[in-house]
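# Structural overview for review
Listed below, chain by chain, are the residues.
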Amino acid sequence: MEAILFVGHGSRDQEGNDQVVQFVEQLRLDIDAQFHIETCFLEFGLPTIAEGMTNCVKAGAKKIVVIPLILLSAGHSKLHIPQAIDEAKERYPHVNIIYGRPIGIHEQTFTILQERLQEIGEQVEAPGPHTAILLLGRGGSDPDANSDLYKIARLFWEQTNYSLVEPAFMGVTNPLLAEGVERCIKLGAKKIVILPYFLFTGVLIKRLERNVSELRLRYPDIQFSLAEYFGFHPKLKTIVLDRVEEALSQTVSMNCDLCQYRLHMAEHHHHHHHHH
């Protein structure tokens, strides 16, 4: 029997974890019933990834396909999930474990972004001349993941008629939200649409909602709009199912098991998990 283990990041906000579980339940309808499906979390949620592996094995899985429900490749997908897979391979040497890749830069992500703008009344094909899009990511310590947000912002600019598409981050790295807003205003924006590059709700999304209210008070002459995060958009299902198919057919273009730098990096990468 084969299993698919979906790995969510995990949030201190239980609503965010619940949305991950609900999303996987929706995916289940589009996956062959022969597969055993489990959901787990890297931190702030249960079961942990180790427990998720064990649940798959207890269900009789001889093959486990691990799919990270993570937007961009950073420390979690490059180091922590592969490390958990290595440990599971030692515990269960008879089980074949295949690692899929994160959502990453996928053509359908741009469809999601455009439709999230249309939902709040944006005319994507003919936007206002002084409208800026602030593409807002989580932000992290991995320069590669942070640079991917810049690439996505550029590709989104190429595919739309907005004169300004600026990247910014909620934390850890610069430019932060406030800096991104200030930059847009200095470049002539009279309306700023904040477009969250987030999968599900959580502490940061709810903080963002408060931040937007504060920005409206701070800049009364600027119009602010907040678009929806990815959430349960049907195209997100399409992307994840593509990642599942890649892994099942073993056509994943990047696999950290083959990365010559991973084990060396793991020795020098310090990250504190927050398991219950």
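Predicted model only: the values in this text are computed from it and were never measured.

Thresholds, definitions, all that
- Residues numbered from 1 in each chain as written.
- Predicted model: local features only at pLDDT ≥ 70, side-chain atom pairs only at ≥ 80, totals over all residues.
- Heavy atoms only, no water.
- Pairing = 2+ DSSP bridges.
- Helix = DSSP H or I, 4+ residues; strand = E, 2+ residues; numbered from the N terminus.
- Axes fitted to C-alpha atoms, helices over the stretch in contact; angles between N-to-C directions.
- Salt bridge = Lys/Arg side-chain N within 4 Å of Asp/Glu carboxyl O.
- Buried < 20%, exposed > 50% of the residue type's maximum accessible area, 1.4 Å probe, protein only.
- Core = buried A, V, L, I, M, F, W, Y, C linked by side-chain atoms within 4.5 Å.
- Domains from an automatic or database assignment.
- Contact = heavy atoms within 4.5 Å.
- pLDDT = per-residue confidence, 0-100.
- Parallel < 35°, antiparallel > 145°, perpendicular 65-115°, else oblique.
- Nonpolar A, V, L, I, M, F, W, Y, C, P; charged D, E, K, R; others polar.

## Some thoughts on the sheet that holds strand 3 (residues 63–69)
- Taken together, the 4 strands give an open sheet; going across it, the order is 2-1-3-4, and neighbouring strands pair in parallel fashion. Where the open sheet ends on each side, the last strands, each with one partner, are strand 2 (36–41) and strand 4 (96–99). For this sheet, the mean angle separating the axes of adjacent strands, direction not counted, is 20 degrees.
- Of the strand pairs in this sheet, strand 1 (residues 2–8) and strand 3 are connected by 7 bridges, and their pairing is parallel. Looking at the pairing, Phe6 lines up with Ile67 of strand 3.

## Notes on the pattern of salt bridges
- Under the definition given, this model contains 12 salt bridges.
- Where Lys191 meets Glu122, a salt bridge forms, and the shortest distance between an N and an O atom there is 2.5 Å. Of this pair, Lys191 sits in strand 7 (residues 191–196) while Glu122 sits in the loop between helix 4 (107–119) and strand 5 (131–137), and the two are 69 residues apart along the sequence.
- Overall, the relative accessible area of 5% leaves Glu122 in the buried class.
- For Arg243, the salt bridge is made with Glu246, and the minimal N-O distance between the two is 3.0 Å.

## Examining the nonpolar core
- If you look at the biggest cluster of nonpolar residues, it comprises 44 residues, and the most contacted ones within it are Phe6, Leu113, Tyr197, Leu236 and Val240.
- Taken domain by domain, this core gets at least three of its residues from each of domain 1 (2–104 + 233–270) and domain 2 (107–226).
- Setting aside its immediate chain neighbours within four residues, Leu113 contacts Leu135, Ile152, Phe156, Leu195, Tyr197 and Phe230.
- Of all hydrophobic cores here, the second largest spans 22 residues; its members include Leu134, Met170, Ile194 and Tyr219.

## Points about the sheet that holds strand 5
- Spatially, 4 strands are ordered 6-5-7-8 in an open sheet, and the strand pairing comes out parallel. Only two strands of the sheet have a single neighbouring strand rather than two, namely strand 6 (164–169) and strand 8 (223–226). Each strand axis lies, on average, 25 degrees off the axis of its neighbour in the sheet, ignoring direction.
- Where strand 7 meets strand 8, 4 bridges bridge the pair, whose relative direction is parallel. Within strand 8, the residue paired with Ile194 across the bridge is Leu226.
- In this fold helix 7 (residues 203–218) packs onto strand 5, strand 7 and strand 8, with an angle of close to 170 degrees to the strand it touches most, strand 8.

## Remarks on the confidence of the model for the protein chain
- Across the protein chain, pLDDT averages 90, with 90% of residues at or above 70.
- Throughout residues 255–266 the model reports pLDDT below 50, and contacts reaching past four residues in sequence, or to other chains, amount to 17 contacts.
- Confidence drops under a pLDDT of 50 for residues 269–276, and excluding neighbours within four residues, the segment shows 18 contacts in the predicted structure.

## Thoughts on the packing of helix 4 against helix 8 (residues 234–248)
- Where helix 4 contacts helix 8, the axes come no closer than 9 Å and their chain directions differ by 170 degrees. Classified by the angle their axes make, helix 4 and helix 8 are roughly antiparallel. Touching Gln108, Thr109, Thr111 and Ile112 of helix 4 are Lys235, Leu236, Thr238 and Ile239, all from helix 8.
- In terms of residue class, the contact of helix 4 with helix 8 is built from 3 nonpolar, 4 polar and 1 charged.

## Topic: the environment of Val20
- Residue position: Val20 is located in helix 1 (residues 14–28).
- Since its relative accessible area comes to 7%, Val20 is described here as buried.
- Excluding anything up to four places from it in sequence, Val20 contacts Gly8, Thr39, Phe41, Leu69 and Phe200.

## Structural notes on the packing of helix 1 against helix 8
- The geometry of helix 1 relative to helix 8 is characterised by a closest axis approach of 11 Å and an angle of 70 degrees between their N-to-C directions. Viewed along their axes, helix 1 and helix 8 adopt a mutual orientation that is roughly perpendicular. Along its contact with helix 1, which presents Phe23, Gln26 and Leu27, the element helix 8 presents Leu236, Lys237, Val240 and Leu241.
- In terms of residue class, the contact of helix 1 with helix 8 is built from 5 nonpolar, 1 polar and 1 charged.

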